[in-house]
Amino acid sequence: MPSVFIQKCFTYIKNCSWKCYFISVLLFVDLLANWYLYGRHPPVPGIKQRCSTMYPEFAMVLENPVSLPNRRIQEEDGTIYSPGHFWYDKNNYRGCPCNVRPCVRKCCAFSDVFDKNYKCMPSQANVSDFINSFREVYRMNVSKDYFSVLSKKCEMESSLQNVTLLMDGRISSPSGYFDQSQYCLERSSGSLIAVSCVEDSFAKTLQAARSMLTHTLRVVPTSIHVITLILYIVLPNLRCGVGCLMVNLVAAMILKGVFNLVIVADLGHRYRLLCTSIGLAMQYSWLSCQAWQLVIAYQIWTSFRPTTLRTLSKTRSMVRSKLRLYQGVAWGLPFLLSAFTLIVDLASFIPSSLKPHMGLKRCWFSSMV
C-alpha cells in the first residue's frame, strides 16, 4: 500500500506543470518564513550559552584548581566545574560560575565598591559582605553558597530602580528582565545599586542581523500573497469553485501582513489615535483571516457531503448569493468584533482593568486581560 501511494506521488510530480512547481516553492518559502518568525529565537545567547573562548568576559580565572575524576576540576573555594563549564587559556583555567549554580554579577572587583560617581574604589569589604548585602536587601531566604558571584565590570548604561533579584540570578524591574550579561550589582555607601550594561559588540551585531532577517522574512509572506492575488486576478479560471473564496482569504492575509509590518516597525507609536487605528485594523484583518479559513473549510465539507454530490449543478445566481453570504460573515463579523473592542476601550462605565487599552503602550492590546 505505501509503495502505491509513493508511486502516485511520483506520477503527480512528473506530470506537474511549471505553475505547480512555482506555487509549491511559494508555499515552502511562506511556511519557512512563518516558522522562523513564530519560533522561539532569543535575540542573543543566554549567559549559560556564553561559556567559551568567544566570551572571556563571562568567565573567571580559577585559583589553584585541582583535577578530579571524569575530567572535572575543583577551585580553591570548593566549586566543582564539569567539562564544558571551563577551559584552559594562556596557562590559566577559566571557569564559568554562572553555569555551575545561579550567579549574581558584581560590577567591581571582589574587594571594591562604587563611589558616588559609580566608579570602583578599594574597600575593606569582601565577597561574603557582597552576598550578605543582596540577601538582606532582597530578603532572600537562601544559603550563603546558593549564589556564585561573577565579578565583571561592564559599561554602564543607566541605573535601575525598583529591582528584584530572582532565584536564577536574573533581576526584574519595571523596564523588564535582565540576565547577568545585561546588568551588574554593586555596594555603595551601605546600599545596593543595580545598573544596566551596554550590550557587547557581538550582541549588537547579532541583534542587528536577527532584526534584519526578521523584517525581511515578514516581507516575504506578504509579497507571496500579493503575487498570489495578482495570479487570481490575471487568470480567471483560478477563481472557479473555492478559488473565489481564496481571493478573499489572500486579500485578508495581505492586510494582516501589512499592518503587522507597521506594528513591528513601530511607525505609529508617536500618535495615540493613529496607533489605535493600526491596532484595530490589525485585529480586524487577523480575525478576517481566521473567518475566511473557517468559511473555506465549511465550503469544502459541504461540497463533499453525500447529499450534495448529487446536486452539484447549481445556477450562477445561487453561487453568487452564497458568496455574498460568506463575504458578509467573514468580513462582517470581524468588523463587529473590532468595533466592540473600540466601544469597550472608550466606554467610561467599564473598569480600566477590563479595557484592552489599544494603542496606549504599543499599537496593539496593552492590557493582558
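Further up the page is the structure itself.
Note that the coordinates shown come from a computational prediction; the quantities given were computed from them, not determined experimentally.

Analysis parameters
Residues numbered from 1 in each chain as written. Predicted model: local features only at pLDDT ≥ 70, side-chain atom pairs only at ≥ 80, totals over all residues. Heavy atoms only, no water. Helix = DSSP H or I, 4+ residues; strand = E, 2+ residues; numbered from the N terminus. Contact = heavy atoms within 4.5 Å. Areas by Shrake-Rupley, 256 points an atom, 1.4 Å probe, with all protein chains shown as cover. Buried < 20%, exposed > 50% of the residue type's maximum accessible area, 1.4 Å probe, protein only. Pairing = 2+ DSSP bridges. Polar contact = N/O pair within 3.5 Å; in protein donor to acceptor, adjacent residues only side chain to side chain. Core = buried A, V, L, I, M, F, W, Y, C linked by side-chain atoms within 4.5 Å. Phe/Tyr/Trp six-rings, centres within 6.5 Å; stacked < 30°, edge-to-face > 60°. Lys NZ or Arg CZ within 6 Å of the ring centre and 35° of its normal. Salt bridge = Lys/Arg side-chain N within 4 Å of Asp/Glu carboxyl O.

A. Summary view of the overall build of the protein. Each helix and strand counted, the protein has 9 helices and 16 strands in total. In the protein, of all internal contacts separated by at least 6 residues, the share reaching a separation of at least 24 is 60%. With an accessible surface of roughly 23300 Å², the protein has 62% of that area assigned to carbon and sulfur atoms.

B. Layout of the side chain of K106. When you line up the elements, K106 lands in strand β7 (residues 103-106). Judged by its relative accessible area of 1%, K106 falls in the buried class. In this structure K106 touches D112, F130, V149, L150, S151, K152, K153, C184, L185 and E186, once residues within four positions along its chain are discounted.

C. Broad picture of the sheet that holds strand β6 (residues 92-95). Taken together, the 3 strands give an open sheet; going across it, the order is β1-β6-β5, and neighbouring strands pair in antiparallel fashion. Whereas interior strands pair on both sides, the edge strands pair on one side only; in this sheet they are β1 (60-61) and β5 (86-89). As paired elements, β5 and β6 share 4 bridges and run antiparallel to each other. Within β6, the position partnered with D89 by the bridge is N92.

D. Geometry of unusual backbone geometry. Not every positive phi belongs to a glycine, and N70 is a case in point at roughly 60°. Mapped onto the elements, N70 comes out in the loop between β2 (66-68) and β3 (72-74). Positive phi values are uncommon outside glycine, yet R71 reaches one of about 60°. As for its position among the elements, R71 is in the loop between β2 and β3. Exposure remark for R71: the relative accessible area of 67% places this residue in the exposed category.

E. Molecular detail of the environment of D115. Mapped onto the elements of the fold, D115 is located in the loop between β8 (112-114) and β9 (120-122). Sequence separation of D115 and R187 is 72 residues, and the distance between their C-alpha atoms is 8.8 Å. Leaving out residues up to four positions away in the same chain, D115 has contacts with M121 and S188. A distance of 2.9 Å separates a polar side-chain atom of D115 from the backbone nitrogen of N117. A polar side-chain atom of D115 sits 2.7 Å from the main-chain amide nitrogen of K119.

F. Summary view of the sheet that holds strand β14 (residues 176-178). Here 3 strands make up an open sheet; going across it, the order is β12-β13-β14 and the pairing antiparallel. Edge strands, defined here as strands with exactly one partner in the open sheet, are β12 (164-165) and β14. Direction of pairing for β12 relative to strand β13 (residues 171-173): antiparallel, over a ladder of 2 bridges. If you follow L165 over to β13, its bridge partner there is I171.

G. Representation of the nonpolar core in the model. Ranked by size, the top nonpolar core spans 18 residues in total, and within it V104, F134, Y138, L165, I171 and L185 carry the most contacts. Put simply, the parts of the chain that give this core at least two residues each are α4 (127-137), β15 (183-188) and β16 (191-197). With 3 residues, the single largest contributor to this core is α4. Those residues in contact with V104 that lie beyond four places of it in its chain are F130, F134, F147, S148, V149, L150, L165, Y183 and L185. In this structure, L245, L249, C289 and W331 belong to the second largest nonpolar core, which totals 12 residues.

H. Structural detail: the side chain of R94. Position of R94 among the secondary structure elements: in strand β6. The contact partners of R94, leaving out residues within four places of it in the chain, are A59, M60, V61, L62, H85, F86, W87 and D89.

I. Focus on the packing of aromatic side chains. According to the stated counting rule, one finds 8 aromatic pairs in the structure shown. Each ring, one from Y88 and one from Y93, has its centre 4.9 Å from the other, and the planes form 65°; the classification is edge-to-face. By relative accessible area, which is 29% here, Y93 ends up partly exposed. Ring geometry for Y284 versus W331: centroids 6.2 Å apart, planes at 35°, classification tilted. In this pair, Y284 sits in helix α7 (residues 272-303) while W331 sits in helix α9 (residues 316-346), placing the two residues 47 residues apart along the sequence. Taken together, Y284, W292, W331 and F335 form an aromatic cluster joined through their ring pairs. Here the guanidinium or amino end of K106 rests over the ring plane of F130, the centre of that ring lying 5.4 Å away.

J. Just the pairing of β16, in detail. With 6 of 7 residues buried, β16 is to be regarded as a mostly interior element. Sheet analysis places strand β11 (residues 156-160) next to β16, joined by 4 bridges and oriented antiparallel. Pairing of L160 across the sheet is with A194, part of β16. By the bridge criterion, 6 bridges tie β15 to β16 in an arrangement that is antiparallel. Bridge pairing links L185 to A194 in β16. Hairpin remark: β15 followed by β16, antiparallel, with 2 residues in the connecting loop; positive phi at S189, about 55°.

K. Examining the pattern of salt bridges more closely. On inspection of all chains with the given rule, the structure shows 2 salt bridges. The partner of K106 in a salt bridge is E186, with the nearest N and O atoms 3.0 Å apart. Of this pair, K106 sits in strand β7 while E186 sits in strand β15, and the two are 80 residues apart along the sequence. E186 carries the same exposure label as K106, and that label is buried. Across the salt bridge formed by R170 and D168, the nearest N and O atoms sit 2.8 Å from each other. Since its relative accessible area comes to 31%, R170 is described here as partly exposed.

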